[in-house]
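The chain contents come next:
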Amino acid sequence: MTPSAPVPAYRRLSVEERRRQLLDAALALFAHRAPEEVSLDDVAERAGVSRPLVYRYFPGGKQQLYEAALGSAAAELRECFDEPRQGPLLGRLSRALDRYLAFVDGHDAGFSALLQGGSVVETSRTSATVDSVRRSAAAHIISHLEVAEPGPRLRMTVRMWITAVEAASLIWLDEEKQPPLEELRDWLVEQFVAVLAVTARRDPQTAALVEALAAEV
């Protein structure tokens with residue numbers, strides 16, 4: 001008889017490892033399908049576990065799992081704008097956008113359902129999680145501007161641009177991922193400079209910032 005192939009040894013996962021496994025499975029599904037189209041059975045099958053095991057870790061069912069997956073995705077997005085203060089400002093912004101747009105690209109058509117709401121499982125908690133990403137991105141960008149006390153016009157300009165980045169990301173997906181990512185990134189950086197220039201016409205603080213940016217271009 002031909003000896004059978006050795007069976008891989010089973011390794012019991014820790015609580016944190018198992019939870020991470022289930023979240024990764026859920027994120028992989030939510031990345032390409034609307035949350036309401038994903039069942040706990042789908043998550044269990046993706047993770048290679050039983051449905052009762054999913055319930056053991058997420059007794060609140062799909063709503064709890066979705067919120068946990070959203071929180072995990074939000075944490076990853078917040079890190080996208082956490083760029084070291086090294087080199088020219090616009091270069092830093094480009095690198096942050098590269099990471100952000102790579103996330104959008106990787107999560108494909110599910111980006112809207114996962115991070116922008118519009119889902120039947122959306123709650124005040126999920127909305128707050130998504131808003132925390134926007135606020136964190138704005139805070140990181142303002143810190144890179146190195147303005148001691150940014151005024152309301154400058155803060156509003158940055159937050160408006162973050163909203164424009166989100167909208168552009170969704171439109172890019174709807175337009176079958178055209179133009180190429182590098183072009184989209186450069187376009188968004190140019191728009192950032194443009195909106196600052198518009199605000200500079202009525203805000204001396206932003207005007208000084210635009211002058212400093214012009215020196216680095």
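From a predicted model like this one, the values you see are computed outputs, not experimental measurements.

S.K.: Please provide a residue-by-residue account of the overall build of the protein, values included.
M.R.: In terms of helices and strands, the protein carries 10 helices and 0 strands. Moving toward the C terminus, one meets the helices and strands of the protein in the order α-α-α-α-α-α-α-α-α-α. Put simply, the protein has 217 residues, and 42% of those count as buried. When contacts within the protein are restricted to residue pairs at least 6 apart in sequence, those whose partners lie at least 24 apart make up 66%. Working note: accessible area of the protein is about 12,200 Å², and carbon and sulfur atoms make up 54% of it.

S.K.: Explain the packing of aromatic side chains to me, using residue names and the numbers behind them.
M.R.: Taken as a whole and judged by the stated rule, the model has 3 aromatic pairs. Ring geometry for F81 versus Y100: centroids 5.7 Å apart, planes at 55 degrees, classification tilted. With F81 in the loop between α4 (62-80) and α5 (89-107) and Y100 in helix α5, this residue pair connects regions lying 19 residues apart in the sequence. An identical accessibility class is assigned to F81 and Y100; each is buried.

S.K.: If you had to explain the environment of G151 to someone new, which residues and values would you point to?
M.R.: In this fold, G151 is placed in the loop between α7 (124-145) and α8 (152-174). For G151, a relative accessible area of 17% puts it in the buried group. Residues G151 and D203 lie 52 residues apart in sequence; the distance between their C-alpha atoms is 8.8 Å.

S.K.: Kindly report on the pattern of salt bridges, identifying the contributing residues and their values.
M.R.: Per the counting criterion, the structure on display carries 9 salt bridges. The partner of R20 in a salt bridge is D24, with the nearest N and O atoms 2.9 Å apart. With R20 and D24 both in helix α1 (residues 15-30) and 4 residues apart, the pair spans about one turn of that helix. For D105, the salt bridge identified is with K177, shortest N-O distance 2.6 Å. Pair noted here: D105 is in helix α5 and K177 is in the loop between α8 and α9 (181-200), with a separation of 72 residues, a long-range link. With a relative accessible area of 25%, K177 lands in the partly exposed category. Each of the salt bridges in this network shares a partner with another, and the network as a whole consists of E83, R95 and R99.

S.K.: I'd like to hear about the packing of α8 against α9, residue by residue, with values.
M.R.: At a closest axis distance of 10 Å, the pairing of α8 and α9 adopts a crossing angle of 155 degrees. On the basis of their axis angle, the class for α8 and α9 is roughly antiparallel. Taken as a pair, α8 and α9 cross one another with a handedness that is right-handed. Each of R153, L154, T157, V158, W161, V165, A168 and W172 in α8 lies in contact with α9, whose residues at this interface are L181, L184, L188, Q191, F192, V195, L196 and T199. By residue class, the composition of the contact of α8 with α9 is 12 nonpolar, 3 polar and 1 charged.

S.K.: Mind laying out the side chain of T199, listing which residues take part and the relevant values?
M.R.: Of note, T199 is situated in helix α9. At 2.6 Å, the side chain of T199 and the side chain of T157 are in polar contact. Ignoring anything within four residues of it in the chain, the contact list for T199 reads R153, T157 and T206.

S.K.: Describe in detail α5, supporting the description with residues and values.
M.R.: Over its 19 residues, α5 extends 27 Å from the first C-alpha to the last, a length consistent with the 27 Å expected when each residue adds 1.5 Å. Within the sequence span of α5, burial applies to L89, L90, R92, L93, S94, A96, L97, Y100, L101, F103, V104 and H107. D108 occupies a position one or two residues after α5 and carries a positive phi of about 50 degrees.

S.K.: Describe unusual backbone geometry, and please don't skip the residues or the numbers.
M.R.: Following Q178, the chain continues into P179 via a peptide bond in cis, with omega recorded as 5 degrees. With respect to the helices and strands, P179 occurs in the loop between α8 and α9. The backbone phi angle of E146 is positive, close to 55 degrees, even though this residue is not glycine. Along the chain, E146 falls in the loop between α7 and α8. Accessibility expressed as a relative area gives 54% for E146, which makes it exposed. Here K177, not a glycine, exhibits a phi torsion of approximately 60 degrees, which is positive.

Conventions and cut-offs
Residues numbered from 1 in each chain as written. Predicted model: local features only at pLDDT ≥ 70, side-chain atom pairs only at ≥ 80, totals over all residues. Heavy atoms only, no water. Helix = DSSP H or I, 4+ residues; strand = E, 2+ residues; numbered from the N terminus. Buried < 20%, exposed > 50% of the residue type's maximum accessible area, 1.4 Å probe, protein only. Contact = heavy atoms within 4.5 Å. Areas by Shrake-Rupley, 256 points an atom, 1.4 Å probe, with all protein chains shown as cover. Phe/Tyr/Trp six-rings, centres within 6.5 Å; stacked < 30°, edge-to-face > 60°. Salt bridge = Lys/Arg side-chain N within 4 Å of Asp/Glu carboxyl O. Axes fitted to C-alpha atoms, helices over the stretch in contact; angles between N-to-C directions. Parallel < 35°, antiparallel > 145°, perpendicular 65-115°, else oblique. Left-handed = near helix turned anticlockwise from the far one by under 90°. Nonpolar A, V, L, I, M, F, W, Y, C, P; charged D, E, K, R; others polar. Polar contact = N/O pair within 3.5 Å; in protein donor to acceptor, adjacent residues only side chain to side chain. Expected span 1.5 Å × (residues − 1).

Structural measurements only, silent on function.
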